[in-house]
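# Analysis of the macromolecular model
Single-letter residue listing:
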Amino acid sequence: MPIIEVEHVEKEFTVRRPLGRLRRERVRVRAVVDLTFAIERASIVGYIGPNGAGKSTTVKMLTGILVPTRGRISVAGLVPTRQRMRLAGKIGVMFGQRVQLWWDLPLVESFDLLRHVYRVPADRHRENLLRFRDLLELDPFLNTPVRQLSLGQRIRGELTAAMLHDPEIVFLDEPTIGLDVIAKQRVREFLLQANRDRGVTVLLTTHDLADIERLCSRVLILDRGRLIYDGDVPSLKSRFGKERVLVVDLEETAPPLRLAGARVVRVEGPRQWIAFDGDRTSAAELTGAVAAQAPLRDLTVEEPEIEDVVRRIYEEQPE
Amino acid sequence: MGDVRDLPELYVRLVAARIRAQLQYRASFAMETFGTLLVSFIDFVAILVIFANVPQLGSWSMPEVALLYGISGLAFAITDLILGHLDDFPRLVRDGNFDLLLVRPRGTLFQILTGDFQLRRLGKATGGLIVLAYAFSQLNVAWDPGRVIVLVLAIPAATAIFASVWIATICVAFWAVEGREASNAFSYGGQFLAQFPINIYDTWLRRFLAYLFPVAFVAYFPALYILAKPDPLGLPDWLRFMSPLVAALALVVAGRVWAIGVRHYQSAGG
């Protein structure tokens, strides 16, 4: 049975829009439209889409912060808004921009207070904390007040806070935002390990597409409140990302090359970017065609980035 | 609601953590406490000024008014200590940080009360205590078990009444963006009104105070009993014992209003 079930869920907000100087009109805005999906236990799912697509509205409905206007939601066998406090004990939530830790207390004291808030038995808390200290390398700043931590240290602390009570599901909003490459890597490895060892289900929203590629077995893409893609990362790439790019360095500057089944998308001095359909033309054939027209110095093939893929999907959507 | 048996222990634990953090800066803590102490004395001086000009206020003598002031002042100071940080709640809603409280397995009101407890507000309570001591040194109260019980219950009852009004009115923030001013008009305003004998107020204000905002039950009725004073308004005697009951009722109403506010937040979005 799926751990998260969403059936025909909609969320409408009433906003007041100014009409002239004094009058205001009330407008119903649909933030989420007829959303249906299910997530299996122990999967890592990326929830992506542009700002305002309805991502955080969905997460708020799944965690019981918001009541859906229509539809049915079940999370860990509970109805989020009706059984919010019970659900809270089974989930972990981390909002990248918000501070859950006690600002002016040493990090370790926040963890101790959370143990009591979540009613975690002392021995299990000790065992969990030990594991987190090791995996996220918390020891150097465990006794530092939270306000003195660097962003990377604080995020590691927040992740620990969100997962110390052994949640079945964690909702992570932009968990790697603002982190340097090493810190991002550490957070990703940590999440993979928690998923592998403990079977934690992870739903994360992110703008960082490397997060998606490294972590997620499945991606949900949302645009203007509608689900526009639901599937794994490789098939997302093959469906929308067939176009690859051959980057060639010519011996000397030349006008854009004319090639069958390919087009030059960018020219910078002697370097040209040539887009082609990976299914119809091979990189080797294309390289031969280029070499026949102009002497080649070097070449590379760029694989499609999810960013491009997502942009392509948006472009395909009718307005 | 879930299991609530460990709430008192958790309350102490969370508040103690706040106090520990505040005591890291002893000098500033001492200064702030002294500041609040000073403010509560200035309030009392205002009462003295009134009495320098009017020896009696609606048949109440100076020490008798001091008793009203002492009970309501002490109760308000305790309320302020326990939930003064509720004033920050509208900001919590505006910033969306209220979301964080909704994803924890504890009540939202409980989390706010333990969120930013300020020990320096203890200074205000000292003022109320001194005024109360002054009142009893001037009054010849015929102490008996009944009077002791009424006085001992009057303080927590008055605290609960102030707390209820504060909670119920701050809920405006669930609907309107800036709810703090509206709420303060009731909480601070109520405390000001409770310092004086309610029979000096106009009829409509008196009705409002007695029914909608039960200020009369804060100090007026308990004081009448302790002083064995006939009610200048001629209201029935049994009202003098009703403060704890009114307080309990007010708390229930405030809790309901809060719950309605949370439901509205959840359906309207943050």
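Residues numbered from 1 in each chain as written. Chains lettered and ligands numbered in written order. Predicted model: local features only at pLDDT ≥ 70, side-chain atom pairs only at ≥ 80, totals over all residues. Heavy atoms only, no water.

### Comments concerning the overall build of chain B
Check the secondary structure of chain B and you find twelve helices and two strands. When its helices and strands are written in sequence order, chain B yields α-α-β-β-α-α-α-α-α-α-α-α-α-α. Within the span of chain B, comprising 270 residues, buried residues form 51% of the whole. Taking all contacts inside chain B whose residues are at least 6 apart in sequence as the whole, residues at least 24 apart take part in 75%. Total accessible area on chain B stands at roughly 12,200 Å², and carbon and sulfur atoms take up 69% of it. (Helix = DSSP H or I, 4+ residues; strand = E, 2+ residues; numbered from the N terminus. Buried < 20%, exposed > 50% of the residue type's maximum accessible area, 1.4 Å probe, protein only. Contact = heavy atoms within 4.5 Å. Areas by Shrake-Rupley, 256 points an atom, 1.4 Å probe, with all protein chains shown as cover.)

### Section: the confidence of the model for chain A
The share of residues in chain A with pLDDT of 70 or more is 96%, and the mean pLDDT across the chain is 88. When pLDDT is averaged over each element of chain A, strand β4 (residues 70-75) of chain A comes out on top at 96 and helix α10 (residues 306-316) of chain A at the bottom at 68. (pLDDT = per-residue confidence, 0-100.)

### A look at helix α1 (residues 7-22) of chain B
All names here are of chain B. Helix length check: α1, at 16 residues, gives a terminal C-alpha distance of 22 Å against a target of 22 Å (1.5 Å per residue), a fit within 8%. Taken as a whole, α1 has its buried residues at L10, L14, V15, A17, R18, A21 and Q22. Angular distribution of buried residues about the axis of α1 spans 145 degrees; they occupy a single face of the element. More than 90 degrees from the buried face of α1, the exposed residues found are P8 and V12. (Expected span 1.5 Å × (residues − 1). Arc of directions from axis to C-beta.)

### Remarks on the sheet that holds strand β12 (residues 271-277) of chain A
All names here are of chain A. What the four strands build is an open sheet, ordered β11-β12-β10-β13; its pairing is antiparallel. Either end of the sheet is taken by a strand with one partner, and the two such strands are β11 (262-268) and β13 (296-302). Direction aside, the axes of adjacent strands within the sheet are offset by 25 degrees on average. Pairing of strand β10 (residues 243-250) with β13, which is carried by six bridges, proceeds in the antiparallel orientation. Bridging from a neighbouring strand, L246 pairs with V301 of β13. (Pairing = 2+ DSSP bridges. Axes fitted to C-alpha atoms, helices over the stretch in contact; angles between N-to-C directions.)

### Quick look at the packing of helix α3 (residues 107-117) of chain A against helix α4 (residues 122-135) of chain A
Residue and element names in this part refer to chain A. The interhelical angle for the contact between α3 and α4, taken along N-to-C directions, is 145 degrees, at an axis separation of 11 Å. When you trace α3 past α4, the crossing you get is right-handed. Every residue of α4 that contacts α3 at V108, F111, D112 and R115 is listed here: A122, H125 and L129. Here the residues of the contact of α3 with α4 sort into four nonpolar, one polar and two charged. (Left-handed = near helix turned anticlockwise from the far one by under 90°. Nonpolar A, V, L, I, M, F, W, Y, C, P; charged D, E, K, R; others polar.)

### With respect to the interface of chain A and chain B
Interfaces are often sized by the accessible area lost when the parts come together. Contact with chain A, which involves 29 residues of that partner, is made by 33 residues of chain B. Roughly 2,900 Å² of surface becomes buried between chain A and chain B when both sides are summed, with 53% attributable to carbon and sulfur atoms. The interface formed by chain A and chain B includes four salt bridges. Across the chain A-chain B interface, the total number found is 14 residue pairs in polar contact (both at pLDDT 80 or more). With five residues, the top contributor of residues to the side of chain A that touches chain B is α3 of chain A. Considered class by class, the residues forming the side of chain A that touches chain B number 15 nonpolar, six polar and eight charged. (Buried area = accessible area lost by both parts, 1.4 Å probe. Salt bridge = Lys/Arg side-chain N within 4 Å of Asp/Glu carboxyl O. Polar contact = N/O pair within 3.5 Å; in protein donor to acceptor, adjacent residues only side chain to side chain.)

### Looking at the sheet that holds strand β3 (residues 44-48) of chain A
Residues and elements named next belong to chain A. One open sheet holds the six strands; their spatial order is β5-β6-β7-β3-β8-β9, and the pairing between them is mixed. In this open sheet, the two strands that pair with only one neighbour each are β5 (91-95) and β9 (226-231). Across this sheet, the average inter-strand angle for adjacent strands is 15 degrees, counted without regard to direction. Those strands touched by helix α5 (residues 151-163) are β5 and β6 (169-173), and its axis lies near 160 degrees from that of β5.

### Points about the packing of aromatic side chains
Residue and element names in this part refer to chain B. As enumerated under the stated definition, the model contains 19 aromatic pairs over all chains in all. Geometrically, the ring pair formed by F89 and F98 is edge-to-face, given 5.6 Å between the ring centres and 80 degrees between the ring planes. What makes F89 buried here is its relative accessible area of 0%. With a centroid separation of 5.4 Å and 75 degrees between ring planes, the pair formed by Y220 and F221 is classed as edge-to-face. (Phe/Tyr/Trp six-rings, centres within 6.5 Å; stacked < 30°, edge-to-face > 60°.)

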